[in-house]
Structure formats: C-alpha cells, structure tokens
There are 2 protein chains.
Amino acid sequence: MVNDLSSYIRAVPGFPKPGIVFRDITTLLNNPAAFQSALEALHAPFKQNRIDKVVGIESRGFIFGALLANLLHAGFVPARKPGKLPATVLREDYELEYGHDAIEIHTGAIRAGEQILVHDDLLATGGTAAATCRLIERMHGTIVGVSFLIELSFLNGRDRLRPYAVHSVIRYDAENE
Amino acid sequence: MVNDLSSYIRAVPGFPKPGIVFRDITTLLNNPAAFQSALEALHAPFKQNRIDKVVGIESRGFIFGALLANLLHAGFVPARKPGKLPATVLREDYELEYGHDAIEIHTGAIRAGEQILVHDDLLATGGTAAATCRLIERMHGTIVGVSFLIELSFLNGRDRLRPYAVHSVIRYDAENE
C-alpha cells in the first residue's frame, strides 16, 4: 500500500500551454505498487454499490475506467470525442473557455435503469464529465458516482457536477501547489 | 466463461471509410462476462512470464493494456501519438499506406533490461506495433510478446512483427468474414 500517491504524479509546467501545470499520471502508472494503490482508492467508495456500467472518458479515463469495470463486474463503455466511435452514437455538446466540444456514446451502450459509474483521470472545470453525465441521463441511466484520480479543486469542477456523488483521490488546491 | 468471443464483436461496414469493415470491440466490453473472458484469454499466454511493463498503444490499447499490467503486477506505459505525452519523449516514425505517422513513449518509462509486453486491441498491417517495438528496443527493453485482441490475418501484420511472439485472441481471415 502506497500512502502518498501524490508523490508519484509528475508536475509538467507549461504543458499544454504556458501558465498551466500539467499533472502527469504516467509516473504513477509506471510503478506497480502505486498503480495498485490508486486503483484500490478509486474502487473503495463504490465497492458496496451495484454498478452495471463504468463509463470511461477518452482517453486516459480508459485506463482506470476499464480496471474499475472489471473489479465491479460491470461492462465498460467508452465516451469519446466526435467521430471516433464507429456505430450510431448519442452526442452532447458543451462549452469550453474558447469554443466548444462534444462527447459521444454508442446508442444502446447504456440501457434504461442501469446504474452507472463515470470515470476520468482528472477533474478540471468539469465540462466533459458534466456533458457525459447529461448523455447518460438522456439514455435513462442512473449515475451512482463520478470518479477522478486527480481533482484540481481551485477550478471548482465539483460545482458543475452537483448533485452527483463526486470522488477524487488526489487534490490540488492551487495551480502551482 | 464465454466461448465464442467473436460473436461479441460488432462489424461496422464502411467505417472509417468505404470498403473497410471496422471490428468494434465496444459491444464485447459492454458485456461483463465477455469482457472478463477476453481478459483471461489475453492474460493466459503470458501468465508464467516475468513482465516489468505493459506498453498499451493509444487509445483502445489502454483498455486491456492497463488490465494486463495490473494482472501481471507490472507498470503500465502508454504509447501515444505525437504531442500527447507531456514530458520528454522518444519518438519513432513509420510509414502508412498514404503518408506517415509517429509514436512516442516517455523517456525513462522503460529501463534497460526490463521485460516488456506490448498490447493493442487490433493487429492490422502492424505498422504502429512494429514502431512501438523499435522504440522499446531503443530503450533497451526486452520484448516478451506482442498481444492483440483481434488480428486481421489477411493483412499479414504478423510478418512485420517477426521475430516477436505475437498472440491474438480473435482472427479474421478476410475483410468481409
């Protein structure tokens, strides 16, 4: 069991643009003990829940999303950027600071009444996760929780995900923490 | 245990372009029993090997790649398209039918002498996987095997991956099979 998971996250200043400190999870994934501890910490809050599907958000959300689905005996559903999923999709648009983007899920990937856990590696402003949740609710899925390895709490993404149960493992209270 | 895993793969004719039949794994991932059986079939050939790192190729290769790393008590290393990894990378270019592409791995993600399993969801012409293997060898890693959920054997990608141990779970002998 690794206690200080945040020590395995690499800070990369200036990526993808000046002023941003990128929180790189690849250094955590590289270490088997830290990787396993992070998985356990992500799994723990939802262990007692019935989860039918885990929705992982492209593309780093696929990593722990697939692992959570397997541990919870659930199916895995990828939520992807437009044009990536091959069959018929449902699409949800959302606003960015400059411009807009969209997220898609295959039609039929979620059935009415299914219990859904949403996962992404990082919660920033929460726009993508909120759009993914709206998509799931349009498919009549019930969102049990929204899970992140990292939360940039100074961006207040959690407010955008009210009233869902939001869980994060590692939190940063400032860009340069 | 699901026996006929191929029945969970959806054929999508005309994606991403006319004449191509896309093999969609999301229908397999959606079913917990098929998902688990596919994972077991991918894991089985490498169970007895010491694997230090599993390299998963962007982005569908992250799904089973992360699961294999966890089962094998290995670290997980993402191999990504240019510009996606935040820190210093090693890069390998390769030819496509029309044009060229490249794949990157973080410097330091693989250490000399480490035993490496490479995973992607699908083996087509093998260009990306072969470039990933070259990258790993430039980092002095030893490739134990190259693993795919699906092999399009009519594209002869396996020839490009000689002399590695190539393993696939589901094979298609023709585009329209």
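Please read all numbers here as calculations on a predicted model, not as lab measurements. (Residues numbered from 1 in each chain as written. Chains lettered and ligands numbered in written order. Predicted model: local features only at pLDDT ≥ 70, side-chain atom pairs only at ≥ 80, totals over all residues. Heavy atoms only, no water.)

### Structural notes on the overall build of chain A
Helix and strand counts for chain A stand at 5 helices and 9 strands. Counted from the first residue to the last, chain A has its helices and strands arranged as β-β-α-α-β-α-β-β-β-β-α-β-α-β. Taking 177 residues into account, the globule formula puts the C-alpha radius of gyration at 16 Å, and chain A, at 16 Å, falls close to it. Buried positions account for 54% of the 177 residues belonging to chain A. (Helix = DSSP H or I, 4+ residues; strand = E, 2+ residues; numbered from the N terminus. Rg over C-alpha atoms; globule rule 2.2 N^0.38 Å. Buried < 20%, exposed > 50% of the residue type's maximum accessible area, 1.4 Å probe, protein only.)

### A word on the pattern of salt bridges
All names here are of chain A. Throughout the structure, instances matching the rule amount to 28 salt bridges over all chains. The partner of Arg-60 in a salt bridge is Asp-121, with the nearest N and O atoms 2.6 Å apart. Highlighted residues: Arg-60 in the loop between β3 (53-57) and α3 (61-71) and Asp-121 in strand β7 (residues 115-123), separated in sequence by 61 residues. Notably, a salt bridge pairs Arg-134 with Glu-92, separated by 2.6 Å at the nearest N-O pair. Taken as a pair, Arg-134 in helix α4 (residues 127-138) and Glu-92 in strand β5 (residues 89-95) lie far apart in primary sequence, 42 residues in all. The exposure class assigned to Glu-92 is buried, which follows from its relative accessible area of 12%. A single salt-bridge network, built from bridges that share partners, covers Lys-53, Arg-111 and Glu-114. (Salt bridge = Lys/Arg side-chain N within 4 Å of Asp/Glu carboxyl O.)

### With respect to the packing of helix α2 (residues 32-43) of chain A against α3 of chain A
All names here are of chain A. Two elements in contact, α2 and α3, have axes whose closest approach is 10 Å; the angle formed by their N-to-C orientations is 60°. Accordingly, the angle class assigned to the pair α2 and α3 is oblique. The hand of the α2/α3 crossing is right-handed. Taking contact as the criterion, the partners of Phe-35, Ala-38, Leu-39, Leu-42 and His-43 in α2 are, on α3, Phe-64, Leu-67, Leu-68 and Leu-71. (Axes fitted to C-alpha atoms, helices over the stretch in contact; angles between N-to-C directions. Parallel < 35°, antiparallel > 145°, perpendicular 65-115°, else oblique. Left-handed = near helix turned anticlockwise from the far one by under 90°. Contact = heavy atoms within 4.5 Å.)

### Considerations on the sheet that holds strand β4 (residues 75-79) of chain B
Within a sheet, each strand pairs with its neighbour through backbone hydrogen bonds, oriented either parallel or antiparallel. Residues and elements named next belong to chain B. Across the sheet, 5 strands lie side by side as β4-β3-β7-β8-β9; this open sheet has parallel pairing. Of all strands in the sheet, those with a lone pairing partner are β4 and β9 (166-172), marking the two edges. Here the average twist between neighbouring strands, direction ignored, is 15°. Across 4 bridges, the pairing between strand β3 (residues 53-57) and strand β7 (residues 115-123) is parallel. Across the sheet, Lys-53 pairs through a bridge with Ile-116, a residue of β7. (Pairing = 2+ DSSP bridges.)

### Let's talk about the environment of Val-166 of chain B
Residue and element names in this part refer to chain B. Within the secondary structure, Val-166 sits in strand β9. With relative accessibility at 15%, the residue Val-166 sits in the buried group. It is 9.3 Å that separates the C-alpha atoms of Val-166 and Val-144, two residues lying 22 residues apart in sequence. Excluding residues that lie within four positions of it along the chain, Val-166 makes contacts with Leu-123, Val-146, Phe-148, Arg-158 and Leu-161.

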